[in-house]
Structures are given as C-alpha cells and as structure tokens.
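Structural features, examined
Residue strings, one per chain:
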Number of protein chains: 2
Amino acid sequence: MAVCPKTLSRSIPLASPERARSFDMMADLSDFSEDAKAITGWMKSWFDSSLGPAEQLKSAMGYSALSGGKRLRGGLVLACRRLAATQSGRSEGDGLALAAAVEMLHAYSLIHDDLPAMDDADLRRGQPSAHLAYDEATAILAGDALQTAAFQLLADPAHHPDAGVRAGMVLALAEASGLGGMAGGQMLDLQAEAGGFDLSAMQEMQDLKTGALIRAACRIGGLSAHADDRLLNQLDSYACHLGLAFQIADDLLDIQGDAGKTGKPGGQDQARGKATFVDFLGVDGAAGEAARLAGAARETLLDYGESAAALLALADFVTHRDH
Amino acid sequence: MAVCPKTLSRSIPLASPERARSFDMMADLSDFSEDAKAITGWMKSWFDSSLGPAEQLKSAMGYSALSGGKRLRGGLVLACRRLAATQSGRSEGDGLALAAAVEMLHAYSLIHDDLPAMDDADLRRGQPSAHLAYDEATAILAGDALQTAAFQLLADPAHHPDAGVRAGMVLALAEASGLGGMAGGQMLDLQAEAGGFDLSAMQEMQDLKTGALIRAACRIGGLSAHADDRLLNQLDSYACHLGLAFQIADDLLDIQGDAGKTGKPGGQDQARGKATFVDFLGVDGAAGEAARLAGAARETLLDYGESAAALLALADFVTHRDH
C-alpha cells in the first residue's frame, strides 16, 4: 500500500462556499446512523449463529464488537459501495458482512490496544475494557479471533459472488492491518512514549495506526461494487484526508471532551505523556487543520454530487463530533 | 468446517505389513527436511524485503517465525500440493509463500500461547519466548501482525494466479484459526485448567487447537494444485488422523522428552495440572493409539503409492519423533 501524501500543513484549496453548502448535512448523515444499526444487527446475528464449544470466547468477542461504537469504518464501506454502485451499476448483496468485517478488525485492535501491556485502558466505549470484563487471556484470544473473523467474512462466497473481489478485499484489509499498517503504527506509538515524535513522524504513525484501516474501508466498499481505478484512487484520497482529520479531531476531543461523549476518560493521551497533534499545532491550529483536511476530503468527491452526499457530510461531521 | 470424526479408541483396520513397508521412510522424509529449509529461506527473504518504519515489530516477527521449528504445517502444504498436482497436472508457482503463510499463522499462535496471561512459557524452540526476548506489548503485536501476514500472503495474486483458489485458501485458514478452530481450542484449553476434561472433550479441544490448522495446511496444499473433492476429502481424513496422532505423540514427548529435543522444558503440561492423553490412556496406551492413528492416516492415502510417499512417511515419523 502506498503511503498517504503528506497532507498536513500543505495548502490545499478548499471548496468554494457555494459548492460546500450544496447538501443537507444532517439529512445525509442519517444514512450513517441507519447503517450503524444495520451493521450492529448483522454482527449480532452472526454471533448468534456462530456455533462452537468456546462460549466464553464468543461472548467476549460480542461484548467488544457489539457494544457502542459509531461504526465509522463500516459506514464508510457502505457509503463508498453506494457511490461506486452508481458508477458501475453493480453491487451484489447488501454489503453488511463486508462492513461487519472491517468493524470486527477494528474491534480486535481496540481490545489489544487496551491490554495492560499496551495502553492499559480501563474503559472502552463507556464500559469496562474486555480484559477487565473477562480476563486478559480471554481478551487476547477475543482480539485474535475477531481479526480472523474479519478475513473469514471477506473470503466467504456467501458475502460476495466474485472471487477476485473477495481476494482483493482480503488483501486490502491485510495490507492495512499488519506490519506495514495498523500494527506497525501501534508499535511506533508505543515506542514513542519513551522517545518522542516530530510532527512528520507523528503523521506517519497516525497514517499507519488509524488512517490505513479507514483507507481499507473505503477501498473495500469500492471494490465490492466494482469501482474503476479512477474512483478507487479518489476514494483513497478522500480516505487519506478524512483519516487524518479524524485523528486530529480525536486529539481535540481527548482534551476537550469528557467520558460521556467519548466513552473514555478525557486527557488520557496527555496523562500518558503521548504527543498529540494539539501539542504541535495548538488547539486553534489543530481545529483549523482538521477543518482544512475535511474540506480537502470533500473536494475529492464533490463532482459526484448527490451520489457522494453521505461521504461529503461525513467529512464535515468528523470535525464537529463534539456538537 | 465440519469436525473431525471421533477417531480415538475406535477400531480402524491397519494397513497390511506388506503395504506399510512399501516405501523408504528416511528417503521420503528428506523432502520435508528440504522443504523446511526452503520455507524458512522464503520467509527470511519476505522479512528482508518488507518495508516499513516499525523495525522492532518486524524484528520480533522474524525472531519467532524464523527460529527453529520443524515446519510440519508448511511441509504438509507442499506435500499435499505435490500429491494433488500429480492428479490435476496443475500447480502454478512453487507454493512456498502458501507454506510460509501457514507457518506464520502457527508462529502467531505460539507467541500468544506463551504470553504471561496464557501459558506463561519462558522457552520456545530452544530460545526465550518472544515476550522475554522483546517485551509483552511487542510480542502481542508480533503475533497480531503474523496472523495478518498469513492472510496477506494467501490473498496476494503474486502467490497464486487463480482468485478462486486464493479466496478459498483464505477461507480455509480463517475457519481453522478462529472461534470455531484454533482460538476456540485455546480458550477451552485455558478453561480446562480450572475444571478438567473427559477424554472426548479433550479430543474436541485438541481437534480445534492443533488439528484444525493441520487440516487447513493439507487443504491449502490441495486447493493450490486444484485437487478434486475426492482428494480434498482424503487429505482431510489423513490430516484428522495425523493431527491427533501428532498431539498424542506430543503429550508423550512432554513426559519422556527433554528440552534439548523439544525446545521446551519437559513435564510442562503436568506441572500446570493440564490433562494429557497420557493421563487417560497411560504411556503404553497413548503410544499404541498414536501408532494406530498414524496407521489410519497412512491408510487413507496408500492407494496413491509413490505420489503420496512423503505423506506416508510423515505419518510414521510423527509417532517416532524422539528417535
């Protein structure tokens, strides 16, 4: 997977105010809210129908995957899929299993990030972390098995009839999640607690740790509805900008937010001495950068008009999550 | 994935002595030794060429995946692939990436099994466990990223030209590794330390924890060379019997072996109060059962004669690993 362009602190022209206001954000965002419910419902059915003697493991997987969560990544799968379908005229099935796969991969990463040996976080999505609700061994295994389930869902012919698409989705998710993606980013993040980052190194870390999976979500959505290379590249550019805007907004929330909104205690990153974008850019600078990146994400897809309305609305919403 | 037949303590006719002796075990096993070297070499090249900023993570992945190990599972991929190729006349590439994928999945499971929250093992393949050689967070991430790498390798068109085969291999590995396979088995194994098994429950746990990946290795080998359903079923029966024979032999080794042969201290399972097949069957009974199962594994493939010689030799070897 090619790295994201160095988007930070580079001047990207924003959309004109007229174009930027050409959609109804709240109306278009309702798609994401509906999708989130449908994805969670699909996952619940999957857990209910998954047989096997390891009940405690299944319980812990469901505890983490089904609770809370905005389903941003799964929602991106479905929204990018719908946009691609308007181009290709093809979108087999409803895509919920593919969205669920990306959410399960994300849930695995949260469980493992929260472990005592990692971030040692007690609270996740407003409830005790998996290793506290169960135990550490069960939490490790639940994360492991959620990762496996993600690939199982994407490779299953029940969820997409085209083997080339299935293999392509598996490859996209794997490249985003492993050594050259999310896991690599988490490693760099852990190492930085001792050392420290400059702004460029922190963007690289965030691109890997958070951005890569957001890009994979958009790519999987596009692939599943047979997007052509041009649209796949546009979705990737959208995802690169959105991912970084999201991370900067997350850093702002960590300072400004409270546990009731974020599902985790405020100031966690600062308490651990972790550098955030706010440290480098200041609160106003970070907010401005997030807004600029969200605008650049929108700009990528503006030409698709109504077909891209949900994705355009999301780019705005990401930088206004505390409202 | 359907469960293995309940093979234990059921009378399966053994091959006649004449048929059983119709191959030169040591000559045929040399394939496995050569394959093991080639698989390790392939993995080493893969790690050398894998770019990315997370050097410590890559180092820990290689530390665990490249050290020691008999490459039984990777060897099964290649041996089953060769047998299938004699039937189908088709086997694109050399299969090393596919064998490496299964070995990386296995290496991930070893790293996580050894963690303090799991089996808390200090020694693996004759060297300090990953969490001691590095640290616990790095070990967790190395296991995570090795699992991801396994799926990435299987889904990559560079390693097999047929997308249907690639997606099928991913599905086989995922079904064998997750909630309904290896991770589920490890969960049951951990829970049993408190409670206890009867013989049937222990076989079920071992079928999941160890057998499922051995079956996936054989299936992946068969799929990669376009085995027909009849041969895939025969390979699965071979793998079911071989996997259980292997596990019983492992329990015997744990009692009789020493760290120099097994790479881990003897008596580990007993020291943790874990039930083993030897507890239920006694030393002689377990040895007899392992030999009987190995014979049944051989019987499944005897009709293929020389094409299956390596797999036949392996079935015998598994029950004689301490010689």
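Residues numbered from 1 in each chain as written. Chains lettered and ligands numbered in written order. Predicted model: local features only at pLDDT ≥ 70, side-chain atom pairs only at ≥ 80, totals over all residues.

Next up on the list: the overall build of chain A. Tallying secondary structure elements over chain A gives 15 helices and two strands in all. Here chain A, with 323 residues, has 56% of them falling under the buried criterion. Restricting the contact set of chain A to residue pairs at least 6 apart, pairs at least 24 apart contribute 76%. (Helix = DSSP H or I, 4+ residues; strand = E, 2+ residues; numbered from the N terminus. Buried ≥ 20, exposed ≤ 12 C-beta atoms within 10 Å, placed from the backbone. Contact = placed C-beta atoms within 7 Å.)

What follows deals with the interface of chain B and chain A. Contacts between the two partners involve 46 residues from chain B, matched on the other side by 46 residues from chain A. Put simply, the parts of the chain that give the side of chain B that touches chain A at least two residues each are α3 (55-66), α7 (136-155), α8 (163-177) and α9 (182-192) of chain B. Here the element with the most residues in the side of chain B that touches chain A is α7(B); it accounts for 13 residues. Residues of the side of chain B that touches chain A, tallied by class, amount to 24 nonpolar, 15 polar and seven charged. (Nonpolar A, V, L, I, M, F, W, Y, C, P; charged D, E, K, R; others polar.)

On to helix α15 (residues 309-318) of chain B, then. Burial within α15(B) is extensive, with eight of its 10 residues counted as buried. Residues of α15(B) that are buried: A309(B), A310(B), L311(B), L312(B), A313(B), L314(B), A315(B) and V318(B).

Attention shifts here to the relation of the copies chain B and chain A. If you rotate chain B by 180 degrees and push it 0.0 Å along the axis, it lands on chain A with an RMSD of 0.0 Å. The superposition of one copy onto the other is thereby described by a two-fold rotation axis. Mapped onto chain A, 100% of the interface residues of chain B are again interface residues, and the two copies thus contact each other with one and the same surface. (Least-squares fit on C-alpha atoms with pLDDT ≥ 70 in both.)

Another point: the environment of A99(B). All names here are of chain B. With respect to the secondary-structure elements, A99 resides in helix α5 (residues 96-114). Its 30 C-beta neighbours within 10 Å are what place A99 among the buried residues. The sequence separation of A99 and K274 amounts to 175 residues, and the corresponding C-alpha distance is 31 Å. Beyond its immediate sequence surroundings of up to four residues, A99 is in contact with I39, G74, V77 and L78.

This paragraph deals with helix α10 (residues 199-224) of chain B. In an α-helix, one turn spans 3.6 residues; hence positions three or four apart end up facing the same way. Residue and element names in this part refer to chain B. Compared with an ideal rise of 1.5 Å per residue, which puts 26 residues at 38 Å, α10 spans 35 Å between its outermost C-alpha atoms and is within 8% of the ideal. Along its length, α10 shows its largest kink, about 50 degrees, at G211. Counting buried positions along α10 gives 23 out of 26 residues, so the element sits mostly inside the fold. H226 sits one or two residues past α10 and shows a positive phi near 60 degrees. (Expected span 1.5 Å × (residues − 1). Bend = angle between axes of the 7 residues up to and from the residue.)

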